[in-house]
Amino acid sequence: YKQFILRHSGGDYRSLRFKDAMSTSLAKESNLDVQESCPAHVFINSEYWGVYNIREKLNEYYIDNHYNCGTEGVDLLQGNSNIDEGRKSDYLKLLKHVRTNDLKNTSAYAKVNEMMDTRSFINFWIYQIYFANPDVRGNIRYWKSDSLDSKFRWIVYDTDLGFAPDKIKRNMLKDFTSPTKTRWYNPKWATFLLRYLLKNETFKTDFINQSAFVLSTTLSKEHINKRIDKFKNLYEEEMKIHFAKRKRFQAYQGTLKNWYDCIQGLKYFTKKRTIYSYEHLQEKFNLQKPFKVSLNIYNPKSGTVKINHNIVKNPTFSTFYFFSELEVPITIKPNIGYESTGYSQKTIKGQSGDSLFINITFKKKKKSAEKVIINEIDYTNNCFEVFNQGDKAVNMSGWKIMDLNKNIHVVENLVLPKKRFAVFHFNPISNKIDTVLYQKIDFKLSSKKEKIELFDQNEQPVDEVAYKLKTIKKSYSRNIPFETFKKVKAKWENNNDLTMGYHNTSYTKILINKKESNKKLIFALVCFAMLFGLIAIYYLKRNKKKSINS
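What you see is a predicted model, and the numbers here were worked out from it, not measured in a lab. (Residues numbered from 1 in each chain as written. Predicted model: local features only at pLDDT ≥ 70, side-chain atom pairs only at ≥ 80, totals over all residues. Heavy atoms only, no water.)

Chemist: Would you mind going over the overall build of the protein chain with me for this structure?
Modeler: When helices and strands are tallied, the protein chain shows 11 helices and 29 strands. Since a compact globule built from 550 residues should have a radius of gyration of about 24 Å, the 35 Å found for the protein chain marks it as more spread out than a globular shape. Each of the three principal axes of the protein chain carries a C-alpha extent, and together these read 145 × 60 × 45 Å. Sequence separation of at least 24 residues holds for 65% of the intrachain contacts in the protein chain that already meet a minimum separation of 6. As presented, the protein chain carries roughly 28800 Å² of accessible surface, and 51% of it is formed by carbon and sulfur atoms. (Helix = DSSP H or I, 4+ residues; strand = E, 2+ residues; numbered from the N terminus. Rg over C-alpha atoms; globule rule 2.2 N^0.38 Å. Contact = heavy atoms within 4.5 Å. Areas by Shrake-Rupley, 256 points an atom, 1.4 Å probe, with all protein chains shown as cover.)

Chemist: Looking at this structure, how should I read the sheet that holds strand 10 (residues 310–311)?
Modeler: Whether parallel or antiparallel, the strands of a sheet pair through hydrogen bonds between backbone atoms. The strand order across the open sheet formed by 4 strands is 10-9-12-14, and the pairing between neighbours is antiparallel. Looking along the sheet, the strands with just one partner apiece sit at the ends: strand 10 and strand 14 (347–348). In terms of strand pairing, strand 12 (residues 328–334) meets strand 14 through 2 bridges, oriented antiparallel. In the sheet register, proline 329 faces strand 14, and the bridge partner there is threonine 347. (Pairing = 2+ DSSP bridges.)

Chemist: Can you help me understand the environment of asparagine 171 in this one?
Modeler: Along the chain, asparagine 171 turns up in the loop between strand 7 (153–155) and helix 6 (172–176). Measuring from C-alpha to C-alpha, the distance between asparagine 171 and asparagine 427 comes to 61 Å, with 256 residues separating the pair along the chain. Those residues within four positions of asparagine 171 in sequence are excluded, and the remaining contacts are His280 and Glu283.

Chemist: Can you help me understand the nonpolar core in this one?
Modeler: Residues Leu193, Phe207, Leu219 and Ile307 are the most contacted members of the largest nonpolar core, which totals 91 residues. When near neighbours in sequence (up to four residues on either side) are disregarded, leucine 219 contacts Leu26, Ile126, Tyr127, Tyr130, Phe131, Val214, Ile224 and Thr274. The next biggest cluster of nonpolar side chains, apart from the first, holds 25 residues, and it includes Val372, Phe384, Met396 and Leu454. (Core = buried A, V, L, I, M, F, W, Y, C linked by side-chain atoms within 4.5 Å. Buried < 20%, exposed > 50% of the residue type's maximum accessible area, 1.4 Å probe, protein only.)

Chemist: How should the packing of aromatic side chains be read in this particular structure?
Modeler: Any two aromatic rings considered together are summarised by their centre-to-centre distance and by the angle between their planes. Counting across every chain of the model gives 36 aromatic pairs. A centroid spacing of 6.5 Å and a plane angle of 25° characterise the contact between phenylalanine 203 and phenylalanine 207, whose relative ring orientation is stacked. Of the two residues, phenylalanine 203 and phenylalanine 207 are both situated in helix 8 (residues 201–216); the distance of 4 residues between them amounts to about one turn of the helix. Classification of phenylalanine 203 as buried rests on a relative accessible area of 0%. Phenylalanine 207 sits in the buried class, given a relative accessible area of 1%. (Phe/Tyr/Trp six-rings, centres within 6.5 Å; stacked < 30°, edge-to-face > 60°.)

Chemist: How should I be thinking about the sheet that holds strand 1 (residues 4–7) in this particular structure?
Modeler: Overall, antiparallel pairing links the 3 strands, which are arranged 1-3-2 in an open sheet. The open sheet has two free edges, formed respectively by strand 1 and strand 2 (37–44), since each of these has just one partner strand. Here the strands of the sheet are splayed against their neighbours by 40° on average, with no regard to which way each runs. When strand 2 meets strand 3 (residues 47–56), the two strands line up antiparallel, connected through 8 bridges. Bridge pairing in strand 3 links histidine 41 to valine 51. (Axes fitted to C-alpha atoms, helices over the stretch in contact; angles between N-to-C directions.)

Chemist: I tried to follow the environment of arginine 153 on my own but got confused; where do I start?
Modeler: Secondary-structure assignment places arginine 153 in strand 7. Here the alpha-carbon distance between arginine 153 and lysine 365, two residues 212 residues apart in the chain, equals 40 Å. Contacts of arginine 153, omitting those with residues within four sequence positions, involve Asp33, Tyr67, Asp117, Ser120, Arg141, Tyr142 and Trp143.

Chemist: What's the story with the pairing of strand 12 in this structure? I'm lost.
Modeler: The side chains of a regular strand alternate between both faces of the sheet. In this sheet, strand 12 lies alongside strand 9 (residues 303–307) in antiparallel orientation, the contact comprising 5 bridges. Within the sheet, the bridge partner assigned to threonine 304 lies in strand 12 and is lysine 333.

Chemist: Please explain the packing of helix 5 (residues 118–131) against helix 8 as it appears in this structure.
Modeler: Helix-helix packing: each pair is described by the crossing angle between the helix axes and the interaxial distance. At a minimum axis distance of 10 Å, the contact between helix 5 and helix 8 shows a crossing angle of 50°. Regarding the angle of helix 5 to helix 8, the classification is oblique. The way helix 5 lies across helix 8 gives a crossing that is right-handed. Within the contact between the two elements, helix 5 uses Thr118, Arg119, Phe121, Ile122, Asn123, Ile126, Tyr127, Ile129 and Tyr130 and helix 8 uses Phe203, Asp206, Phe207, Gln210, Ser211, Val214 and Leu215. (Parallel < 35°, antiparallel > 145°, perpendicular 65-115°, else oblique. Left-handed = near helix turned anticlockwise from the far one by under 90°.)

Chemist: Help me out: how do you make sense of unusual backbone geometry in this one?
Modeler: Among all residues save glycine, negative phi is the norm, and among peptide bonds the norm is trans. Positive phi, normally seen in glycine, also occurs at asparagine 45, with a value near 50°. Within the fold, asparagine 45 resides in the loop between strand 2 and strand 3. Here asparagine 286, not a glycine, exhibits a phi torsion of approximately 55°, which is positive. With respect to the secondary-structure elements, asparagine 286 resides in the loop between helix 10 (256–285) and strand 8 (291–298).

Chemist: Mind showing me how you'd approach the side chain of aspartate 33 here?
Modeler: Tracing the backbone shows aspartate 33 in the loop between helix 1 (19–28) and strand 2. Here aspartate 33 is buried and forms no salt bridge, its nearest opposite-charge partner arginine 153 lying at an N-O distance of 6.1 Å. A distance of 2.8 Å separates the side chain of aspartate 33 from the side chain of tryptophan 143, its partner in a polar contact. Those residues in contact with aspartate 33, other than ones at most four positions away along the chain, are Tyr62, Tyr67, Trp143, Arg153, Trp154, Ile155 and Val156. (Lys, Arg positive; Asp, Glu negative; His and termini not counted. Salt bridge = Lys/Arg side-chain N within 4 Å of Asp/Glu carboxyl O. Polar contact = N/O pair within 3.5 Å; in protein donor to acceptor, adjacent residues only side chain to side chain.)

Chemist: Hey, could you run me through the pattern of salt bridges in this one?
Modeler: Between side chains of opposite charge, a pair can form when the charged atoms approach closely. Tallied over the full model, the rule gives 27 salt bridges. With a shortest N-O distance of 3.0 Å, aspartate 158 and arginine 7 are connected by a salt bridge. Here the residue aspartate 158 occupies a position in the loop between strand 7 and helix 6, and arginine 7 occupies one in strand 1, the gap between them amounting to 151 residues. For the pair aspartate 158 and arginine 7, one class covers both residues: buried. Salt-bridge contacts for lysine 144 lead to aspartate 146; the nearest nitrogen and oxygen are separated by 2.8 Å.

Purely geometric numbers; function is a separate question.
The structure is reproduced here in structure tokens:
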């Protein structure tokens, strides 16, 4: 960090001293930009000043730290297009386009999506409305970078006035979509973008569905209470020191009892705020009572489920409430090598007040019939080989190779003849074998812990190898290129042999021993045949002699 700030929690400084840190940690779960936070005791000239929060400073360096886009070409604005960094011309173009075009028109709204990240904007207002944060008017901050996609995105910060128990019923959605100023915190310039964008049906649908998703997950009573308890446990012992030892000349800064009371105030707000938020959505958009969705995901680590384009991150978030007037997009994507069974629709649709049960199971696909194996991994030179065991050539084009870190290489233009090798390598290979096929990959291989999986064109598993090595040698290889061979069972060995592109040493030794054994057998058979021949000749001569004498 080039810069950081010490913050005493703004309007919350006499109460919790962590409200904004807690609130924004929730917003971060919806991919909104927030200031990371870390509590600390502050001493100035050896005198104790109490518990403060180390926070990221919102400037061009913040954008670069999070997006690796450099500091040049960053526009960072706040409020009514006030410049913190860069320029405001592109934001003014956005406002003009929204003001002068009919946003019900598809092409006009498509242009908006080119100029701003509408999902970021929607999430920003969902959280501010739920928090019942009247101070948002002065704390609307947004940015874009020419090095990225040049879309404006929104930052959630300074939410200390939110979560007030006396505002649990406050209809902030009505306030922030009012065409006229009704309160000090909703001047027309602050609500302009939200009001005008809601004229577009696509935006309005996404706003409603996204509100329902967030209220069912990140802003559910259960989830927020867990977050409150997490911050309470993090700060509690330190706040005892804060209230007992802070500098006496500072203005009144609360008591430990008040601190505990404020925590209960947070939980009181959380208890029914979600219920009121759904009622406010119903009132604003003339919606019926929502329907309930119970989602059960079996083996959730083996796939991804997205609802309204949000990843369902935690299987415990299994209950949702959506509105019957709208269809909610759902995407089910199994990991490579897996398939899904159960729910197969592209949207979720229910009747008002009903309960809908969705079961999704991710399971491994059937093993591929292709007889291609991983035969050796040269972890020192970042390459590995595969061997075609079968009796016919195999077209590996479109096959996928995945490592432990989920790096994926898609095989291109490779037909592997029978009983031949292919080598996949990260490092350049200068001495190549004519009979071996080679292909470059974009990831390295670990010499300590690694996993390589091979999948065919249908993403069916073909072969996989995993290792965890205590000693670094040169390669990790099979002893034989088959499951069994001459009563020898296949196994993997960590050794110092490098046989990339041809059979491994242990297998060639077996072949040599077999060849020597065959020579000895042939020699023995020849000797036996010669001995048998001599004996036969001896008896023939003997019988002939007896015949003459008689």
